[in-house]
2 protein chains.
Amino acid sequence: MTHTINIQEYVRTTAAAAKQAFYRLSAADSAQKNAALLRMTELIRQHSSDILAANRLDMQQAEAKGLESALLDRLQLNENTLQTMCDGLQQIAALPDPVGEMDEFRTRPNGLQIGKMRVPLGVIGIIYESRPNVTLDAAALCLKSGNACILRGGSEAFNSNLVLAKLIKQALAETGLPEAAVNLIENTSRESVGAMLQSPEWIDVIIPRGGKSLVARIAAEARVPVIKHLDGICHVYIDQAADTEKAVNIAFNAKTSRYGTCNTMETLLVHEKRAAEILPLLAEKYAGKGVELRGCPRTLAVLPNIQTASDADWDTEYLAPILAVKIVDSLAEAVAHINIHGSHHTDSIVTESYTDAQQFLRSVDSASVMVNASTRFADGFEYGLGAEIGISTDKIHVRGPVGLHGLTSQKWVVLGNGQVRS
Amino acid sequence: MTHTINIQEYVRTTAAAAKQAFYRLSAADSAQKNAALLRMTELIRQHSSDILAANRLDMQQAEAKGLESALLDRLQLNENTLQTMCDGLQQIAALPDPVGEMDEFRTRPNGLQIGKMRVPLGVIGIIYESRPNVTLDAAALCLKSGNACILRGGSEAFNSNLVLAKLIKQALAETGLPEAAVNLIENTSRESVGAMLQSPEWIDVIIPRGGKSLVARIAAEARVPVIKHLDGICHVYIDQAADTEKAVNIAFNAKTSRYGTCNTMETLLVHEKRAAEILPLLAEKYAGKGVELRGCPRTLAVLPNIQTASDADWDTEYLAPILAVKIVDSLAEAVAHINIHGSHHTDSIVTESYTDAQQFLRSVDSASVMVNASTRFADGFEYGLGAEIGISTDKIHVRGPVGLHGLTSQKWVVLGNGQVRS
């Protein structure tokens, strides 16, 4: 498959088979889908040595290529990570099945009963980088939600993914489900991604998982709808009516509990009336963790020893122990700053004021808006979704953590008794 | 604005202003939005002579250009159509406001209360052709749902749209809402459409309304998410367990009540055990309306005087008094035919069998699935939405008739008491 035309043909043939499998899978009942998920855990345990051997091969090749250690970390599997993956499958099996849920039924004046049924989207393409656990997670979430999937993993994890995909297909076959419900694209060239992005007839939605450059490229090129996560420029706003202890704890936790996650705070906004009291307390705690602060001119008046923030700082996702700090005159200024400079991901207000909390919740245009809670809670597990396939920063279809419901939509159901339209 | 660069600049400046207006509009209460809608009806009545004069100018130019009569029909306004447009505005004002609806709140083990709030999408771009009533409908639906909009109407309706947009902006200003909440692009070149499609930073979703070629081009070129309607290849399936009278009435109504609508049946599927009884009854009724039938070989055995259907007929939206007819062996064959050849728009089964009805509802992957009802009911007014901005044949975000809810999505709301993540 060295020629582009053949890769396109291969991807489309795979996607067409996935579409047929979707029609069977969408009508499968939960018991059968759960049986397949549990069978996967058994096969992974039985074949753990095969998986780890394939992963060692990937690791050796990645090391030989000089991959950086963060990527190697993501690539590496061991008995513990396999156990975590199996736990994840069991959790997904235990979740309620969203497919077939019916609601909003109303009877119209002509006697038609009209409502909605929750249904899978169809064929979902997942394009991801070095984490082999995504292969299993994504396949399991798609399967449980009745979707067929096409998995295009990164070249670094090729051998690991191949073994995992084989076991997934074996579990499907052994439980009477179509093997083509889960498909690994066994080609890690750019052309295979391109072929997926250009196939709206066969693939209903693409979910990229990976670094910003991958996601941005996919969003720019795709002719298939994309559910994506771009930046995580999250804010905590310490309101005039904030409780000091909550403000300090939340602002500290939102920055320091992990630096590399998308729900980490990148900019702290503080009401001018509270800055002199709260910023020194926070600065001391941040200093203890080695967090570099970059402030607006008014912040520097309170904390004279920190760096001056440049315009670019307000628009930067550091993913590092760096925090931009800005003093604002009002809640309205904080909201305006967040809507302009944020990434519509997760933003939190610390306040005891009912009115300020309500105004913040209503006015901030982000996927998650919080009161008196750390932004770090923006996550499918913390929200009770059981699992997530990603976090959407898009405005349509689904915002924030995407669980099983985000992999479905609703069709209309019309129940009549012979009605015709006049 | 003859240079492309200037048109891009103009569209982006307009869209940036719309984004700012959206932030104000998204926080406006229903009373204020309804007041603006009702003020629009007053202004349209007061200025009806201006609107009709502008429309006469459009009609004269369109006639001079030799536009076909169907297009001229869509373009023409008169006192009656203005009254219908005002009635539509009043209906939208009377609908419940979806913005701010909160539900699904649950308390997590750590005490966080987590739920969802319904919010507008942001800035919606509407690209449409000759119908000036879309200017008012689209503006009203976007306004009520808290979205700013950018309207790019067709060149044929330019003068009509200009007067309508001026009155809309006047109503906004007089009721304290930002005028930039509704924007008409005063440039009807291809470049202005292109600039909208390439502006994901400013425009959150594009809704094209028009013929298939326009919609397909927009979907292919857009870097902004699109909610679209492509084909309406709708089916009625007469099941083995169909009631004869219902079958005949529904199949007759679904084809003949209007030929040019997207929810008109284009292919009739009949179970082999009922074909000999029902097809001759239907053929007689269709003949009375001048409907041309094109049948599969088995249909020709029952109705020897009709045309033979070619392969292309099963994939054709006639929008004309033509009907493809196919005899199938089973419900499963009917479902497979619909999923392969249909357009995922609207499909109906006629049956008295509970089990067959359930299987059809579950297995047919269409935006609207019906039992014992004419496909012609697939429409926002008939579904009780009050109004629709279009009908989606997409799989994500919203399927079928799109009303106010389809112009919104849900953000997460997290209510804490100082929680931090461990």
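See the structure printed just above.
Below is a summary of the structure that appears in this document. All residue numbers refer to positions counted from 1 along the written sequence of the respective chain. Going through the entries in the order they are written, you letter the chains from A and number the ligands from 1. Local features are withheld for residues below a pLDDT of 70 in this predicted model, meaning they are given only at 70 or higher, and side-chain atom pairs are given and counted only at 80 or more; totals for whole chains, interfaces and linings count all residues. Think of the side-chain values as coming from all heavy atoms in the structure, minus any hydrogens and water.

## Description of the interface of chain A and chain B
- Each partner contributes to the interface: chain A provides 70 residues, whereas chain B provides 70 residues.
- Here's the idea: put two parts together, see how much 1.4 Å probe accessible area each one loses, and the total over both is what we call buried area. When chain A packs against chain B, the two sides together hide about 6000 Å² of surface, and 54% of this comes from carbon and sulfur.
- Contact with chain B buries surface across chain A, with Arg362, Trp412 and Arg421 of chain A losing the most and accounting together for 16% of the total.
- Throughout this description, the term salt bridge denotes a Lys or Arg side-chain nitrogen within 4 Å of a carboxyl oxygen of Asp or Glu. Joining chain A to chain B, the criterion identifies six salt bridges.
- Linking Asp379 of chain A and Arg421 of chain B is a salt bridge whose minimum nitrogen-to-oxygen distance equals 3.3 Å.
- A 3.5 Å cut-off defines polar contacts: any pair of N or O atoms within that distance qualifies, except that in protein one atom must be a possible hydrogen donor and the other a possible acceptor, and neighbouring residues in sequence count only when both atoms are side-chain atoms. The interface formed by chain A and chain B holds 51 residue pairs in polar contact (both at pLDDT 80 or more) in total.
- By definition, any uninterrupted DSSP run of H or I lasting at least four residues is a helix, any uninterrupted run of E lasting at least two residues is a strand, and each is numbered from the N terminus. Sorting the residues of the side of chain A that touches chain B by element identifies α1 (4-26), β2 (113-120), α10 (244-256), α13 (331-341), α14 (354-363), β13 (368-373), β15 (400-402) and β16 (408-419) of chain A as the ones contributing at least two each.
- Per-element tally for the side of chain A that touches chain B: the top contributor is β16 of chain A, with eleven residues.
- When its residues are assigned to classes, the side of chain A that touches chain B shows 33 nonpolar, 24 polar and 13 charged.
- When DSSP locates at least two bridges between a pair of strands, those strands are taken to pair. Bridge analysis of β16 of chain A against strand β13 (residues 368-373) of chain B gives five bridges, and the strand direction is parallel. Contact between two residues is taken to exist if any of their heavy atoms lie within 4.5 Å; hydrogens are not considered. Each residue is assigned to one class: nonpolar for Ala, Val, Leu, Ile, Met, Phe, Trp, Tyr, Cys and Pro, charged for Asp, Glu, Lys and Arg, and polar for all the others, Gly among them.

## Some thoughts on the relation of the copies chain A and chain B
- Least squares is the method for superposing the copies, and the C-alpha atoms it fits come from residues with pLDDT of at least 70 in both. Here chain A sits on chain B after a turn of 180° about the axis and a move of 0.0 Å along it, with an RMSD of 0.0 Å. Here the symmetry operator amounts to a two-fold rotation axis. Taking the C-alpha atom as reference, chain A places His397 of chain A closest to the rotation axis, 1.9 Å from it.
- An overlap of 100% is found between the interface residues of chain A and their copies at the interface of chain B, pointing to a shared contact surface.

## Thoughts on the packing of helix α2 (residues 30-46) of chain B against helix α5 (residues 79-94) of chain B
All names here are of chain B.
- Think of each axis as a best-fit line through the C-alpha atoms, taken over the contacting stretch in the case of a helix, with angles from 0 to 180 degrees between the N-to-C directions. It is the contact of α2 with α5, at a shortest axis distance of 9 Å, that shows an interaxial angle of 170°. Classified by the angle between their axes, α2 and α5 sit roughly antiparallel to one another. Crossing of α2 over α5 shows left-handed handedness. Facing α2, whose interface residues are Asn34, Leu37, Leu38, Met40, Thr41, Ile44 and Arg45, α5 presents Leu82, Gln83, Cys86, Leu89, Gln90, Ile92 and Ala93.
- Residue composition of the contact of α2 with α5, grouped by class: nine nonpolar, four polar and one charged. Note on angle classes: values under 35 degrees are labelled roughly parallel, values over 145 roughly antiparallel, values of 65 to 115 roughly perpendicular, and the remainder oblique. Handedness of a helix crossing follows the sense of rotation of the near helix relative to the far helix, less than a right angle counterclockwise being left-handed and clockwise being right-handed.

## A word on the sheet that holds strand β6 (residues 205-209) of chain B
Residue and element names in this part refer to chain B.
- Within the open sheet, the four strands sit side by side as β5-β4-β3-β6. Their pairing is parallel. With partners counted over all chains shown, the strands left at the sheet margins are β5 (182-184) and β6, one partner each. Between one strand axis and the next, the sheet turns through 20° on average, direction left out of account.
- Sheet analysis places strand β3 (residues 123-128) next to β6, joined by five bridges and oriented parallel.

## Here we look at helix α9 (residues 212-221) of chain B
All names here are of chain B.
- Exposure categories follow from relative accessible area, calculated using a 1.4 Å probe and restricted to protein chains: below 20% of the type maximum is buried, above 50% is exposed, and the middle band is partly exposed. For α9, the full list of buried residues reads Leu214, Val215, Arg217 and Ile218. Down the axis of α9, the buried side of the element spans an arc of 165°, and every buried residue falls inside it.
- Against the buried residues of α9 lie β3, α8 (190-197) and β6. Directions drawn from the helix axis to the C-beta atoms are what define this arc.

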